[in-house]
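Remarks on the overall topology
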Amino acid sequence: MNPTDNLLICGDNLQVMQSLSPHFAHRVKLVYVDPPYNTHRKDFGYNDTFEREQWLSFMRSRLEAAVALMTDDGALVVQCDDHEQAYLKVMMDSFSGLSFLNCIAVKMSEPTGVKMNHGDKRFPKIKEYLLVYVRPDFKGFVAIDKYKSDGWDPENDLFLEGITPDIRQQLIDLQAKDKNTEADAKVATDLLKSATLVPLGKKLQEQRFPDSKAMETWLYDHSHCIVKTAGSESLTKIVSALPHQPEQDVAAALSSRKVLFFYLCHYNRKVRQPRLRVLFADENLYKHPCDFWHDIKTSGAVAKEGGVELHNGKKPERLLYRLIKMFTREGDLVMDPFMGSGTTCAVAHKMNRQYIGIETLPEHFNLALRRLQNVVDGDTTGISTLVNWQGGGAFVTSQLLP
């Protein structure tokens, strides 16, 4: 077994994880666990009927084996629903070397169909949970997978010529500090020195778009250099008190709470609350997912992602994309000990992460095997367009005999 291989392993996940320890101890950056939810339903193809204490014991042994493989800054994410979420969280809170980070509610279905038959007696279930725990050296998310808001805000009506994506990122990094300094304001003002404001309408006329969809795409693609203005009496007082105004269109200053903000250098000084504050469109067009994820599509084409179908429980690639993007970098190792149809491994492969997928049921393992071969061959479903997936790569299969 090569420690750099992508692995698909068929066998009991507890035994497999224990056998991986000599090669992979302290190497796994993200563990995603999608176990039986203990629903007592019989249509999943696997045992989902346990006494609660039996289920918790089953989960404890496997989660402890997974934690033993994790890096000191890694993350463990367990997906579950109302059947066991509260009991599972209490148990996981007792683990040494793990700290609770978030309980994320994920919208997993639409309020339609059979689930609405008894909507007059109880609220239909459309959500599940992600219990997120981290190891002691966790320092924060690698990247936030923000999602596009609905519709373009027409108040974004000015274009900043000269603002490249790199300059915009530097401005974002400066604003992200817990507390800014005058030196930060000077750096930001210098970055904005060559930027000139022009009406957005003029830029749009120059483009000659074939249709409204093409125009919307262009707007979102250039949201890093499109802005709107807003009035603020408190910020007006700060700007008015500055000893001098730089000779440029937009500059930066500090609020009373030492937060960096951007303002128009040339504004109407005759009104009490002029629209001098400058807000970049990309700040509002893309939203932080927070702890309620309602934006990931879980129906329709999801059923056929990867060229395989798994009824009851198949997760959308977009969900795993968000988790992998948040907690890992290219080359990091991702593990899924309840692999199912192989969603985690397929997404990790497309995102250039190393992965280990473990599946007990041979029929599910064969589904995952077929799916990963489709990925290598250039699968076009799921997140393929998002990451410009063209195919390639390899994986190794193994079976742990009972």
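Presented here is a report on the structure given in the accompanying data block.

1. Some thoughts on the pattern of salt bridges
In total, this model carries 28 salt bridges according to the counting rule given. A salt bridge links Glu64 to Arg60; the shortest N-O distance between them is 3.4 Å. Of this pair, Glu64 and Arg60 are both found in helix α2 (residues 52-67), four residues apart, which corresponds to roughly one turn of the helix. Overall, the relative accessible area of 41% leaves Glu64 in the partly exposed class. We classify Arg60 as partly exposed; its relative accessible area is 30%. Ionic contacts of the salt-bridge type, sharing partners, join the residues Asp145, Asp295, Arg318, Arg322 and Lys325 into one network.

2. Section: the packing of helix α6 (residues 200-207) against helix α7 (residues 212-221)
A packed helix pair is summarised by two numbers, namely the angle formed by the two axes and the spacing between the axes. In contact at an axis separation of 11 Å, α6 and α7 are set at 125° when each is read in the N-to-C sense. Relative to α7, α6 is oriented oblique. For the element pair α6 and α7, the recorded crossing hand is right-handed. Along the contact surface, α6 presents Leu200, Lys203, Leu204 and Gln207, while α7 presents Met215, Trp218 and Leu219. Among the residues forming the contact of α6 with α7, the class breakdown is five nonpolar, one polar and one charged.

3. What to know about the pairing of strand β11 (residues 260-264)
Of all five residues that make up β11, five are buried, and the element is covered over most of its length. Burial along β11 is two-sided: the face carrying Leu260, Phe262 and Leu264 and the face carrying Phe261 and Tyr263 are both buried. Where strand β10 (residues 250-254) lies against β11, five bridges are found, and the strand directions are antiparallel. Following the sheet pairing, Ala251 is matched in β11 by Tyr263. Between the antiparallel neighbours β10 and β11 lie five residues, among them Lys258 with a positive phi of about 60°. Sheet topology places β11 next to strand β12 (residues 275-280); two bridges connect them, and they run antiparallel.

4. Some details on the sheet that holds strand β15 (residues 333-336)
Strand pairs in the sheet, formed through backbone hydrogen bonds, run parallel or antiparallel to each other. Taking strand neighbours across the sheet as the criterion, the nine strands line up as β14-β4-β5-β3-β2-β15-β16-β1-β17 in an open arrangement whose pairing is mixed. Because the sheet does not close on itself, it has two edges, and the strands there are β14 (292-293) and β17 (396-399). As paired elements, β15 and strand β16 (residues 354-359) share four bridges and run parallel to each other. Along β16, the bridge assignment pairs Met335 with Ile356.

5. What about unusual backbone geometry?
In terms of backbone geometry, most residues other than glycine have negative phi values and most peptide bonds are trans. Although it is not a glycine, Cys290 sits at a positive phi angle of roughly 55°. The residue Cys290 is located in the loop between β13 (286-287) and β14 in this model. For Asn352, which is not a glycine, the phi torsion comes out positive at approximately 60°. Among the structural elements, Asn352 can be located in the loop between α11 (343-350) and β16.

6. Overview of the pairing of strand β5 (residues 127-134)
The side chains of a regular strand alternate between the sheet's two faces. With seven of its eight residues buried, β5 lies for the most part within the structure. Pairing of strand β3 (residues 70-80) with β5 involves six bridges; the strand directions are antiparallel. By the bridge assignment, Gln79 is partnered in β5 with Leu130. Of the strand pairs in this sheet, strand β4 (residues 99-107) and β5 are connected by eight bridges, and their pairing is antiparallel. Opposite Ile104, over in β5, you have Leu130 as the bridge partner.

7. Considerations on the environment of Val132
Here Val132 shows up in strand β5. Along the chain, Val132 and Asp5 lie 127 residues apart, while their C-alpha atoms are 26 Å from each other. Once residues lying within four places of it in the same chain are set aside, the contact partners of Val132 are Leu76, Val77, Ser99, Phe100, Leu101, Asn102, Ile104 and Phe327.

8. So, the packing of helix α10 (residues 317-327) against α11
α11 packs onto α10 with a crossing angle of 60° between their chain directions and a minimal axis gap of 9 Å. Here α11 runs oblique to α10, going by the angle between their axes. The interaxial crossing formed by α10 with α11 has right-handed handedness. Between α10 and α11, the contacting residues are Glu317, Leu320, Tyr321 and Ile324 on the first element and Thr343, Thr344, Ala346, Val347, Ala348 and Lys350 on the second. In terms of residue class, the contact of α10 with α11 is made up of six nonpolar, two polar and two charged.

9. Remarks on the side chain of Glu317
Mapped onto the fold, Glu317 is located in helix α10. With a relative accessible area of 0%, Glu317 lands in the buried category. At 3.0 Å, the side chain of Glu317 forms a polar contact with the backbone nitrogen of Ile383. Beyond its immediate chain neighbours, meaning those up to four positions away, Glu317 contacts Glu305, Gly306, Thr343, Ala346, Val347, Lys350, Arg371, Asp379, Thr381, Gly382 and Ile383.

Calculation notes
Residues numbered from 1 in each chain as written. Predicted model: local features only at pLDDT ≥ 70, side-chain atom pairs only at ≥ 80, totals over all residues. Heavy atoms only, no water. Salt bridge = Lys/Arg side-chain N within 4 Å of Asp/Glu carboxyl O. Helix = DSSP H or I, 4+ residues; strand = E, 2+ residues; numbered from the N terminus. Buried < 20%, exposed > 50% of the residue type's maximum accessible area, 1.4 Å probe, protein only. Axes fitted to C-alpha atoms, helices over the stretch in contact; angles between N-to-C directions. Parallel < 35°, antiparallel > 145°, perpendicular 65-115°, else oblique. Left-handed = near helix turned anticlockwise from the far one by under 90°. Contact = heavy atoms within 4.5 Å. Nonpolar A, V, L, I, M, F, W, Y, C, P; charged D, E, K, R; others polar. Pairing = 2+ DSSP bridges. Polar contact = N/O pair within 3.5 Å; in protein donor to acceptor, adjacent residues only side chain to side chain.

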